[in-house]
Amino acid sequence: MTAIDLGKRCVAELVQRTNLDGDLVEAIVYGTVVPSVIAPNIAREVSLLPMLSKGCQAYTVSRACASANQAITDAADQIVLGHHDVIIAGGAESLSNVPILHSRTMSEKLVAFSRAKGATQQLRIAGSIRPRDFVPITPAIAEPSTGETMGQSAEKMAKINHIPREEQDQFALRSHRLAAVGTDDGRLTAEIMPVYVPPRYETALTKDNGIRVDTSIEQLRGLKPVFDRRYGSVTAGNSSPLTDGASAVLLMSEERAAVLGYTPLAFIRSYAYAALDPGEQLLMGPVLAAPVALKRAGLTLGDMDLIEMHEAFAAQVLCNLEGFVSREWAARAGFVTPVGEVDRSKLNVMGGSIAIGHPFGATGARILTTLTNELVRRGGEFGLMTVCAAGGMGHAMVIERA
Ligand SMILES: CC(C)(COP(=O)(O)OP(=O)(O)OC[C@H]1O[C@@H](n2cnc3c(N)ncnc32)[C@H](O)[C@@H]1OP(=O)(O)O)[C@@H](O)C(=O)NCCC(=O)NCCS
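All figures in this text were calculated on a predicted structure; none of them were measured in a lab. (Residues numbered from 1 in each chain as written. Predicted model: local features only at pLDDT ≥ 70, side-chain atom pairs only at ≥ 80, totals over all residues. Heavy atoms only, no water.)

**Re the overall build of the chain**
Tallying secondary structure elements over the chain gives 14 helices and ten strands in all. For 402 residues, the compact-globule estimate of 2.2 N^0.38 gives 21 Å, and the C-alpha radius of gyration of the chain, at 22 Å, lies within 12% of that figure. A principal-axis box enclosing the C-alpha atoms of the chain has dimensions of 75 × 55 × 45 Å. The long-range share in the chain, meaning contacts at least 24 apart out of those at least 6 apart in sequence, stands at 76%. Looking at the chain as shown, the accessible area adds up to about 18700 Å², and 55% of this sits on carbon and sulfur atoms. (Helix = DSSP H or I, 4+ residues; strand = E, 2+ residues; numbered from the N terminus. Rg over C-alpha atoms; globule rule 2.2 N^0.38 Å. Contact = heavy atoms within 4.5 Å. Areas by Shrake-Rupley, 256 points an atom, 1.4 Å probe, with all protein chains shown as cover.)

**Overview of the sheet that holds strand β8 (residues 306-309)**
Reading across from one edge, β7-β10-β9-β8 is the order of the four strands in this open sheet, with mixed pairing throughout. Edge positions in the sheet fall to β7 (266-275) and β8, since each has one partner strand and no second. The sheet shows a mean angle of 15 degrees between the axes of neighbouring strands, taken without regard to direction. Where strand β9 (residues 382-389) lies against strand β10 (residues 393-401), eight bridges are found, and the strand directions are antiparallel. Of the residues in β10, the one forming a bridge with Gly-383 is Ile-399. Its contacts with the sheet place helix α10 (residues 285-297) against β7, β9 and β10, and it is angled at close to 140 degrees to β7. (Pairing = 2+ DSSP bridges. Axes fitted to C-alpha atoms, helices over the stretch in contact; angles between N-to-C directions.)

**Focus: the site of the ligand**
Within the structure, the ligand sits among 21 residues, and Cys-65, Arg-212, Thr-215, Gln-219 and Ser-240 are positioned closest to it. Here a nitrogen atom of the ligand sits 3.0 Å away from a polar atom, N or O, in the main chain of Ser-240. Taken by itself the ligand offers 970 Å² of open surface, and the protein chains cover 64% of this. A breakdown of the residues in the shell around the ligand according to their chemical character gives 13 nonpolar, seven polar and one charged. (Near = heavy atom within 4 Å. Polar contact = N/O pair within 3.5 Å; in protein donor to acceptor, adjacent residues only side chain to side chain. Nonpolar A, V, L, I, M, F, W, Y, C, P; charged D, E, K, R; others polar.)

**A closer look at the packing of helix α3 (residues 67-80) against helix α14 (residues 363-378)**
Contact geometry for α3 and α14: axes closest at 5 Å, N-to-C directions at 70 degrees. With respect to each other, α3 and α14 are oriented roughly perpendicular. Residues Ala-68, Asn-69 and Ile-72 of α3 form the contact with α14, whose participating residues are Gly-364, Ala-365 and Leu-368. In terms of residue class, the contact of α3 with α14 is built from four nonpolar, two polar and no charged. (Parallel < 35°, antiparallel > 145°, perpendicular 65-115°, else oblique.)

**Things to note about the packing of α10 against helix α11 (residues 314-324)**
For the pair α10 and α11, the least separation of the axes is 8 Å and the interaxial angle reads 45 degrees. Of the possible angle classes, the one that applies to α10 and α11 is oblique. For α10 against α11, the interelement crossing comes out right-handed. Across the interface between the two elements, Pro-286, Val-287 and Ala-290 of α10 pack against Asn-320, Gly-323 and Phe-324 of α11. Residue classes in the contact of α10 with α11 are distributed as four nonpolar, two polar and no charged. (Left-handed = near helix turned anticlockwise from the far one by under 90°.)

**A look at a nonpolar patch on the surface**
A grouping of Val-37, Ile-38, Leu-101 and Ile-137 is seen on the molecular surface, where their side chains present a nonpolar patch of about 430 Å² in accessible area. With respect to the element layout, Ile-137 can be found in the loop between α5 (119-127) and α6 (150-160). Given the relative accessible area of 40%, Ile-137 is considered partly exposed. (Patch = residues over 30% accessible without salt bridge, like charges linked within 9 Å, V, L, I, M, F, W, Y side chains within 5 Å. Salt bridge = Lys/Arg side-chain N within 4 Å of Asp/Glu carboxyl O. Buried < 20%, exposed > 50% of the residue type's maximum accessible area, 1.4 Å probe, protein only.)

**Focus on the packing of aromatic side chains**
A complete count under the given rule lists two aromatic pairs for this structure. Relative to Phe-313, the ring of Phe-227 lies with its centre 6.2 Å away and its plane at 85 degrees, an arrangement referred to as edge-to-face. Separated by 86 residues along the polypeptide, Phe-227 in the loop between α8 (217-222) and β6 (244-252) and Phe-313 in the loop between β8 and α11 bring together distant segments of the chain. With a relative accessible area of 31%, Phe-227 lands in the partly exposed category. Look at Tyr-271 and Tyr-273: their rings are 5.7 Å apart centre to centre, the planes differ by 70 degrees, and that puts the pair in the edge-to-face class. The residue whose ring lies beneath Arg-63 is Tyr-273, and the NZ or CZ to ring-centre distance is 3.8 Å. (Phe/Tyr/Trp six-rings, centres within 6.5 Å; stacked < 30°, edge-to-face > 60°. Lys NZ or Arg CZ within 6 Å of the ring centre and 35° of its normal.)

**Remarks on the side chain of Ser-270**
With respect to the secondary-structure elements, Ser-270 resides in strand β7. For Ser-270, the residues in contact, after removing those within four places along its chain, are Ala-293, Arg-296, Ala-297, Ala-396, Met-397 and Val-398.

**Quick word on the pattern of salt bridges**
In total, this model carries 17 salt bridges according to the counting rule given. Taking the shortest distance from any N to any O, the salt bridge between Glu-26 and Arg-256 comes out at 3.6 Å. Placement of Glu-26 in the loop between α1 (3-17) and β1 (27-31) and of Arg-256 in helix α9 (residues 254-260) is noted, with a sequence separation of 230 residues between them. Judged by relative accessible area, which is 27%, Arg-256 ranks as partly exposed. Between Lys-159 and Asp-228 there is a salt bridge, with the nearest N and O atoms lying 2.6 Å from each other. Taken together, the residues Lys-159 in helix α6 and Asp-228 in the loop between α8 and β6 connect sequence positions 69 residues apart. A relative accessible area of 40% means that Lys-159 is categorised as partly exposed. Linked by salt bridges that have partners in common, Asp-185, Arg-187, Glu-374, Arg-377 and Arg-378 make up one network.

As structure tokens, then:
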């Protein structure tokens with residue numbers, strides 16, 4: 001299924017589950033990282049769902065793995081500005097449908113062929129096509145500025161911060177175990193929707209298929225490093241897998257929610273974005289964004305009842321956690337005191353992207369959904385979420401239970 005297909009199904013489900021009159025949705029803000037070349041504004045395609053008004057505004061945002069977060073904060077800002085009252089935000093990604101491109105030479109030959117005058121010219125161009133021209137170009141999960149892949153960055157960060165392989169594998173195991181519990185007891189299951197799978201639409205997918213209920217520390221220990229085969233520690237087991245998925249959240253102004261009779265789950269208390277040199281420690285953005293979001297909220301880590309951190313790699317989460325207690329990182333973010341030590345019993349309590357998967361453009365709203373629902377369930381007051389993203393960027397948001 002394409003990202004557009006996934007996004008449409010997810011937004012339609014949200015409208016239905018919230019018993020919302022589709023005509024009330026004033027805008028769709030949606031994120032995606034690898035857009036369709038044919039339909040680059042995924043938000044508009046999603047907004048053309050039959051139950052929404054054709055006058056619904058729709059725009060697509062991109063901030064790498066924090067794209068759904070960007071969609072959510074853009075939507076929240078529009079509400080705060082008073083431009084809109086009801087917005088759906090989220091994102092979708094279909095990593096099994098990435099566009100495969102022709103090489104530049106092949107593209108030039110194809111364009112020349114289409115413009116050729118007469119069969120002789122066409123034959124001459126067709127005759128110039130060599131087998132190597134057919135080699136496709138697929139989008140890489142690599143930094144355009146440095147050429148380093150995410151996995152290589154995680155590997156580098158693990159080495160700089162001395163994160164042992166065993167700790168990474170234990171963290172990955174924890175992710176799968178907690179996600180399996182959340183699926184069994186229905187908390188995670190309640191956040192997903194069954195999807196009938198093409199081409200025949202006869203079978204429905206009712207569970208996230210990344211969660212490995214039967215994985216063990218022995219199996220994880222046995223996997224070979226992928227990004228530095230000789231000296232590395234990052235494996236397929238302690239990385240988030242490439243995943244398809246979509247997510248959506250409903251945002252309203254407090255006043256409109258009251259008028260429509262909706263009880264809000266939570267308020268956005270604050271948020272922040274940060275960035276660092278992608279050639280340095282690519283996935284440390286959350287360490288710079290979290291203290292700013294906490295300061296803007298007027299709160300500290302100690303006030304947080306739950307913390308959700310996107311798990312791009314176990315190594316990245318463990319590096320971020322170390323960054324939170326580091327004076328140097330605090331100083332880089334403009335603070336004297338570090339964020340502090342995260343209480344692991346409050347962290348990713350239903351697992352994270354390592355187990356559940358990471359459809360780039362969708363992850364942010366998936367994490368916010370889990371954080372909000374669990375905060376409500378536990379009767380907590382505040383929750384912190386963080387997401388690292390390509391380009392050395394990071395996001396943090398503090399939410400408050402309504
Ligand atoms: C790491 C990565 C390259 C692995 O890709 P892959 O090789 O296609 O992964 P697979 O799922 O096939 O796993 C490889 C093997 O490990 C095994 N494996 C993976 N996770 C496991 C687990 N938790 N327990 C046991 N075995 C596991 C698989 O069964 C498979 O075994 P097989 O070869 O015997 O079939 C890919 O997932 C990746 O690029 N991830 C990072 C994505 C990324 O950069 N995201 C951006 C972050 S912001």
